[in-house]
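Tertiary structure, described
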Amino acid sequence: MALLEIENLSIAVRADTGLLPVVEGCSFSVEQNQTMGIVGESGCGKSLTAMAIMGLLEGTQVKVTSGSIMFDGKDLLQLSARQRRSLMGNDMSMIFQEPMTSLNPVYRVGDQIVESLRQHRTLSLSQAKSRATELLDLVKIPDPEQRMVSFPHQLSGGQRQRVMIAMALSCEPQLLIADEPTTALDVTVQREVLELMLDLQRSTGTSIILISHDLGVIAETCDVVAVMYRGRIIESAPTSELFASIQHPYTLGLLNSIPSIDSEVEWLKAIPGRVPTLQEQLHGCAFHPRCAFAKEECSHSLPPTTSVGEHHQVMCHFANELDLEPGQLDS
Ligand SMILES: Nc1ncnc2c1ncn2[C@@H]1O[C@H](COP(=O)(O)OP(=O)(O)OP(=O)(O)O)[C@@H](O)[C@H]1O
Ligand SMILES: [Mg+2]
């Protein structure tokens, strides 16, 4: 049994005109010790999916409208708010998009880790302090004793993100969700922080969901990939299988827009057009207005999800019919 199994998850936002769907019919699973990547452009529903898993939508304008989220054999959507809270931080934890907003600027870094540890574990103050120092050392923060008494603004962006990782890992969660954990960092630090996450995973066996808009980052770090577009998973596969045989024109577009280190041009080619807004009524495949391969039926009927290989699924009318190669569509 997978650690996390999501079936047919739909999420909607309350608006004056009623409920607007933001995530529709998403299914995926994450095995023990596996790293899964969720990739897609801004606004496609990645963070809301993560927040639904973490139980963070309670009391917001956003709600889960259908589906199930099974974690370690329990249906999370059926648990009471209290049961959800006790899972959070203990069995699953999350690193957010912007570390500065997640760390409290008025408390010392060490005190924040100690507080998080003591919320979830029965530790004396001195035990928690020494564990917090160990954690800072583990995430390779130089001079951890000194850093314990620093305030967040005295740390660099990379160090703050390491502190967030230390806090997220402090209770040895079974599942860690990292939502764009490195977007605010420069490329070298980004790589260091990602490598650190993977190192820690190897030693703890934690399962990770890594969210990014950069397919390059996902390709380097994840075992399996789900590509989201406008609230739906339009392609999913083990990473090597995906790159050996890309099936969805949107995935190809994402691949072609990975910045290449060797290339003179920083961005090869962005996908033309934009993601439709929530208010826009869609007919057919949500990607068809931007798709170079779209045909008549793409504009009026929703494509089925088709299996095109072992654990490889695609939501396209032309599954297995398009011969997509990296670099194609570049001009
Ligand atoms: N609290 C909210 N109330 C209303 N709409 C929301 C709320 N949170 C998100 N949305 C909308 O839901 C859609 C999906 O948002 P989400 O944050 O999941 O996107 P994302 O894929 O994480 O994007 P990004 O890459 O920019 O982080 C967006 O159109 C967003 O504007
Ligand atoms: Mg997001």
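Keep in mind it's a predicted model, so treat the numbers as computed, not measured.

1. Focus: the overall build of the chain
Check the secondary structure of the chain and you find 11 helices and 12 strands. For the chain, the C-alpha radius of gyration of 21 Å lies close to 20 Å, the compact-globule estimate for 331 residues. Its C-alpha atoms give the chain principal-axis dimensions of roughly 65 × 50 × 40 Å. The buried share of the chain, reckoned over its 331 residues, is 48%. Once local pairs closer than 6 in sequence are excluded, the contacts in the chain between residues at least 24 apart make up 64%. Counting only carbon and sulfur atoms, one obtains 49% of the accessible surface of the chain, whose full area is about 16000 Å². Within the chain, the 40 negative side-chain charges are centred at a point lying 9 Å from the centre of the 24 positive side-chain charges.

2. Remarks on the pairing of strand β10 (residues 232-238)
Buried residues dominate β10, accounting for five of its seven residues. Where strand β9 (residues 224-229) folds back onto β10 in an antiparallel hairpin, the turn is made up of two residues, including Arg230, whose phi is positive at roughly 45°. The pairing of β10 with strand β12 (residues 312-315) spans two bridges and is classified as antiparallel. Bridge pairing in β12 places Ser236 opposite Gln313.

3. Thoughts on the packing of aromatic side chains
For the structure shown, the criterion picks out three aromatic pairs. With 5.1 Å between their ring centres and 80° between their planes, Tyr229 and Phe287 make a pair best called edge-to-face. Of this pair, Tyr229 sits in strand β9 while Phe287 is found in the loop between α11 (249-256) and β11 (305-309), placing the two residues 58 residues apart along the sequence. An identical accessibility class is assigned to Tyr229 and Phe287; each is buried. Lying over the aromatic face of Phe318, Lys295 brings its terminal NZ or CZ to 4.5 Å of the ring centre.

4. Looking at the environment of Arg121
Of note, Arg121 is situated in the loop between α4 (109-120) and α5 (125-138). We classify Arg121 as partly exposed; its relative accessible area is 33%. Along the sequence, Arg121 and His312 sit 191 residues apart, while their C-alpha atoms lie 40 Å from each other. At 3.4 Å, the side chain of Arg121 forms a polar contact with the side chain of Asn90.

5. Considerations on the sheet that holds strand β2 (residues 18-30)
Spatially, the four strands line up as an open sheet ordered β2-β1-β4-β5, and their pairing is antiparallel. Edge positions in the sheet fall to β2 and β5 (74-75), since each has one partner strand and no second. Bridging between strand β4 (residues 62-71) and β5 involves two bridges; their strand directions are antiparallel. The residue of β5 that forms the bridge with Phe71 is Lys74. Against the sheet, helix α1 (residues 46-54) engages β1 (4-15), β2 and β4, with an angle of about 110° to β1.

6. Focus: the site of ligand 1
Around ligand 1, 13 residues are found, and the nearest of them are Ser42, Gly43, Lys46, Ser47 and Leu48. Contacts to ligand 1 include Ser47, whose side-chain N or O atom sits 2.8 Å from an oxygen atom. Across the complex, the protein chains shield 66% of the 630 Å² of accessible surface that ligand 1 would expose by itself. It is α1 that provides the largest number of residues to the shell around ligand 1, a total of three residues. Its residues assigned to classes, the shell around ligand 1 comprises six nonpolar, five polar and two charged.

7. Topic: the nonpolar core
General note: in soluble globular proteins, nonpolar side chains tend to be found buried as a group. Core analysis: the biggest nonpolar cluster contains 64 residues, and Ile95, Ile113, Val163, Ile165, Leu210 and Tyr250 have the highest contact counts within it. The dominant element in this core, judged by the number of residues it contributes, is helix α7 (residues 157-169), at seven residues. If we ignore the near neighbours within four places in the chain, the residues touching Tyr250 are Gly40, Glu41, Val227, Met228, Tyr229, Ile234, Ile271 and Phe287.

8. Focus on the pairing of β12
Summarising the sheet, β11 and β12 pair through four bridges and their orientation is antiparallel. Paired with Thr305 across the bridge in β12 is Met315. As consecutive antiparallel partners, β11 and β12 are separated by two residues, and within that stretch His311 has a phi angle of approximately 60°, a positive value.

9. A word on unusual backbone geometry
Although it is not a glycine, Asn33 sits at a positive phi angle of roughly 70°. Counting through the fold element by element, Asn33 comes out in the loop between β2 and β3 (35-39). When its relative accessible area of 44% is taken as the criterion, Asn33 is described as partly exposed. Phi at Asn320 is positive, roughly 70°, even though this residue is not glycine. Structurally, Asn320 can be placed in the segment after β12.

10. A short note on the packing of α4 against α5
Taken N-terminus to C-terminus, the directions of α4 and α5 make an angle of 120°; their axes are 9 Å apart at the nearest point. With respect to the hand of their crossing, α4 and α5 are arranged in right-handed fashion. Of the residues in α5, those in contact with Ile113, Val114, Leu117 and Arg118 of α4 are Leu125, Ala128, Lys129, Arg131, Ala132, Leu135 and Leu136. Its residues placed into classes, the contact of α4 with α5 shows eight nonpolar, no polar and three charged.

Thresholds, definitions, all that
- Going along each chain's sequence as written, the residues are numbered from 1 onward.
- Here the convention is simple: chains get letters from A, ligands get numbers from 1, in the order in which they are written.
- Predicted model: local features are reported for residues with pLDDT of at least 70 only, side-chain atom pairs are reported and counted for 80 or more only, and whole-chain, interface and lining totals are derived from all residues.
- By convention in this description, side-chain values take in all heavy atoms of the structure and omit both hydrogens and water.
- Elements are defined by DSSP. Helices are runs of H or I of four residues or more, strands are runs of E of two residues or more, and each kind is numbered from the N terminus.
- Here the radius of gyration uses the C-alpha set of atoms, whereas the globule reference equals 2.2 Å times the residue count to the power 0.38.
- The cut-offs for exposure are 20% and 50% of the maximum accessible area for each residue type, with area from a 1.4 Å probe on protein chains only; residues under the lower value are buried, those over the upper are exposed, and the others partly exposed.
- Residue contacts follow a heavy-atom distance rule, with two residues in contact if any of their heavy atoms lie within 4.5 Å.
- For every accessible area listed, the method is Shrake-Rupley and the probe measures 1.4 Å; residues are considered covered only by the protein chains on display.
- In this tally Asp and Glu are treated as negative and Lys and Arg as positive; neither His nor the chain ends contributes.
- All charge positions are set by atom: Lys at NZ, Arg at CZ, Asp at CG, Glu at CD.
- Here, any two strands with at least 2 DSSP bridges between them count as paired.
- Pairing of aromatic rings covers Phe, Tyr and the six-membered ring of Trp, with a centre-to-centre limit of 6.5 Å; geometry is then stacked below 30 degrees between planes, edge-to-face above 60, and tilted otherwise.
- Geometrically, a lysine NZ or arginine CZ counts as sitting over a ring once it is within 6 Å of the ring centre and also within 35 degrees of the ring normal.
- Any N or O atom pair separated by 3.5 Å or less is treated as a polar contact, with the protein-specific requirement of one donor-capable and one acceptor-capable atom, and with residues adjacent in sequence counted only for side-chain atom pairs.
- Only C-alpha atoms enter the line fits that serve as axes; for helices the fit covers just the stretch in contact. Angles between N-to-C directions range over 0 to 180 degrees.
- Throughout this document, a residue counts as near a molecule or strand when at least one of its heavy atoms sits within 4 Å of that molecule or strand.
- Asp, Glu, Lys and Arg are counted as charged, while Ala, Val, Leu, Ile, Met, Phe, Trp, Tyr, Cys and Pro are counted as nonpolar; the rest, among them Gly, fall into the polar class.
- The set of buried Ala, Val, Leu, Ile, Met, Phe, Trp, Tyr and Cys residues whose side-chain atoms join them within 4.5 Å is what this entry labels a nonpolar core.
- If you view the pair so one helix is near and one far, a crossing is left-handed when the near helix is turned anticlockwise from the far one by less than a right angle, and right-handed when it is turned clockwise.

Don't take any of this as a statement about function, it's just geometry.
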